[in-house]
Amino acid sequence: MLLFTPGPTPVPERIRQVMALPTIHHRTPEFTKIFKETRELLLDLLKMQDAVMLASTGTGAMEACVTNLCHKKALVVNAGKFGERFVKIAKAFGKEVVELTYPWDTAAKIDDVVQALKEHPDIDAFCIQICESSGGLRHPVEEIAAAIKAHNPDVSVIADGITAVGVEPINTTNIDALITGSQKALMLPPGLAMIGLSLHALGKIGKGEGFYFNLASELKKQREGTTAYTAATTLVIGLREILHILLKEIGLDEVYDHTDRRATATRVALEALGLAIYPQKPANAMTAIYDEQAEDIRKLLKNRYGVNVAGGQEDLKGRLFRINHMGLIEPNEAAWVVNAVEKAMADLGRIEYRGIANKIFNEIYFSEE
Ligand SMILES: *Cc1c(COP(=O)(O)O)cnc(C)c1O
């Protein structure tokens, strides 16, 4: 079965091998060396002033950013399940929240954000997804962040990049916290979250907030090459290996270029079958297709063609399917997925199978190569 869900993504053989080695103790010079090397690579990936790794899923990192960087009122963009999650986190900690709600296919607008900041001068943190995975939507985060800083540089910009880091270049100039997680583009098992932090964020964190997710105490330890509590040693070892592959062996530009080709080729191939791309501004992390027979297509993909893709959530349950593009994916596998969609549609009697999805995918993916 090909795992083509936008998280978790398949873990490469080499990563599984290094993670299979005997467990080492986390308070040892041996692990400190590994931790420091991983931290350097992570800073290269995130392109931020500082970074912290947390033994947690991505949601824990979202929580840490909200508790450590929002002290008064949060402005949150909610265009899907993950935007909604920022709202729930802020409320769980008793923070006031101003919510900008959009349909799941619609990107946040700069003017709406600036308007909300004008109406609520006490907003001190802004939360948004770079890619909202519920609908495969790309928000114009860099442009919004620039407008926020031009309006009030004191507002902390928290960007959930869990399905954007390692997928596409991100301009972090005006971003204060860049969140990512292990099980998406970084191709690791779930359980490790990372946050890149700007100078502004480091100032805002001060002594930190909370206990386990106190970013000040974590940062202090991590700069020394250790962690406040037991490190997720196995996942850190996996992270060092995958970052070495992505940054030193392949090169990030190549990774981004391949992902872009895969995403573009998939979108064009599926549109040629008469399918509709769901979001108005699709992210490269995944292709989300809106279709009344999404569930039938998904079942055929799984049961007849050996491909596991994700469905839709809530209102979109049964009417969306999402194909992953994150991580290192062989073009033959990605081409098989669009071919399988064409077969499934033919099985449903909607089209005649002609092998055009595969042809278009290959023409686009391998153009000018
Ligand atoms: C996967 C994901 C998360 C994190 O979810 P966890 O289950 O806590 O790892 C957060 N935001 C986005 C946009 C995601 O895609």
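Residues numbered from 1 in each chain as written. Predicted model: local features only at pLDDT ≥ 70, side-chain atom pairs only at ≥ 80, totals over all residues. Heavy atoms only, no water.

In the nomenclature of an unreviewed UniProt entry, the protein chain corresponds to Aspartate aminotransferase from the organism Nitratiruptor tergarcus DSM 16512. According to the UniProt record, the Sequence similarities (unreviewed entry) comment for the protein chain is "Belongs to the class-V pyridoxal-phosphate-dependent aminotransferase family." Of the protein chain, the UniProt comment under Cofactor (unreviewed entry) reads exactly: "pyridoxal 5'-phosphate". (UniProt positions renumbered as here; feature names shortened; annotations may be inferred.)

Draft legend 1. Spatial organisation of the UniProt feature "modified residue: N6-(pyridoxal phosphate)lysine" (unreviewed entry) in the protein chain. UniProt's entry tags K184 with the feature "modified residue: N6-(pyridoxal phosphate)lysine" (unreviewed entry), counted in the numbering of this structure. The residue K184 is located in the loop between β9 (177-181) and β10 (192-197) in this model. Beyond its immediate sequence surroundings of up to four residues, K184 is in contact with P6, G7, T9, I162, T163 and M326. (Helix = DSSP H or I, 4+ residues; strand = E, 2+ residues; numbered from the N terminus. Contact = heavy atoms within 4.5 Å.)

Draft legend 2. Local environment of the site of the ligand. In the neighbourhood of the ligand, 14 residues make up the surrounding shell, with T57, T59, S133, D160 and K184 lying closest. Separating an oxygen atom of the ligand from a backbone N or O atom of G58 is a distance of 3.1 Å. The side chain of T59 places a nitrogen or oxygen atom 2.4 Å from an oxygen atom of the ligand. When the ligand sits alone it has 380 Å² of accessible area, and the protein chains cover 88% of it. Mapped by element, the contributors of at least two residues to the shell around the ligand are α3 (58-69) and α4 (81-92). Per-element accounting of the shell around the ligand gives the leading share, 3 residues, to α3. (Near = heavy atom within 4 Å. Polar contact = N/O pair within 3.5 Å; in protein donor to acceptor, adjacent residues only side chain to side chain. Areas by Shrake-Rupley, 256 points an atom, 1.4 Å probe, with all protein chains shown as cover.)

Draft legend 3. The arrangement of the sheet that holds strand β11 (residues 276-277) in detail. One open sheet holds the 3 strands; their spatial order is β11-β12-β14, and the pairing between them is antiparallel. One side of each edge strand has no neighbouring strand; the edge strands of this open sheet are β11 and β14 (320-324). Pairing between strand β12 (residues 286-290) and β14: 5 bridges, direction antiparallel. Looking at β14, one finds that Y290 is bridged to L320. (Pairing = 2+ DSSP bridges.)

Draft legend 4. Representation of the sheet that holds strand β3 (residues 73-78) within the structure. One open sheet accounts for 7 strands, arranged β2-β10-β9-β8-β5-β3-β4; its pairing is mixed. Each edge of the sheet is formed by a strand with only one pairing partner; in this case those strands are β2 (50-55) and β4 (96-101). Here the average twist between neighbouring strands, direction ignored, is 20 degrees. Pairing of β3 with β4, which is carried by 6 bridges, proceeds in the parallel orientation. Pairing of A74 across the sheet is with V97, part of β4. Against the sheet, helix α2 (residues 29-46) contacts β2, β9 and β10, and its axis sits at roughly 120 degrees relative to β2. Lying over the sheet, α3 contacts β2, β5 (123-129), β8 (156-160), β9 and β10, oriented at roughly 160 degrees with respect to β9. (Axes fitted to C-alpha atoms, helices over the stretch in contact; angles between N-to-C directions.)

Draft legend 5. Highlighting the pairing of β9. Across the 5 residues that make up β9, a large majority, 5, are buried. Neither face of β9 is exposed, since A177, I179 and G181 on one face and L178 and T180 on the opposite face are all buried. Pairing of β8 with β9 involves 3 bridges; the strand directions are parallel. Bridging across to β9, D160 finds its partner in I179. Bridge count for β9 against β10 is 5 bridges, and the pairing is antiparallel. Across the sheet, L178 pairs through a bridge with G196, a residue of β10. (Buried < 20%, exposed > 50% of the residue type's maximum accessible area, 1.4 Å probe, protein only.)

Draft legend 6. The domain arrangement of the protein chain, seen in detail. Domain assignment breaks the protein chain into domain 1 (13-249) and domain 2 (251-365). Contacts between the two partners involve 27 residues from domain 1 and, on the opposite side, 23 residues from domain 2. Counting the surface lost from both domain 1 and domain 2, the interface buries some 2,200 Å², and carbon and sulfur atoms represent 64% of this. Among the residues of domain 1 in contact with domain 2, W104, D105 and V167 are the three that bury the most area, contributing 25% of the side total. On inspection of domain 1 and its partner domain 2, the count reaches 1 salt bridge. Here E314 and K81 are joined by a salt bridge, their closest N and O atoms 2.6 Å apart. (Domains from an automatic or database assignment. Buried area = accessible area lost by both parts, 1.4 Å probe. Salt bridge = Lys/Arg side-chain N within 4 Å of Asp/Glu carboxyl O.)

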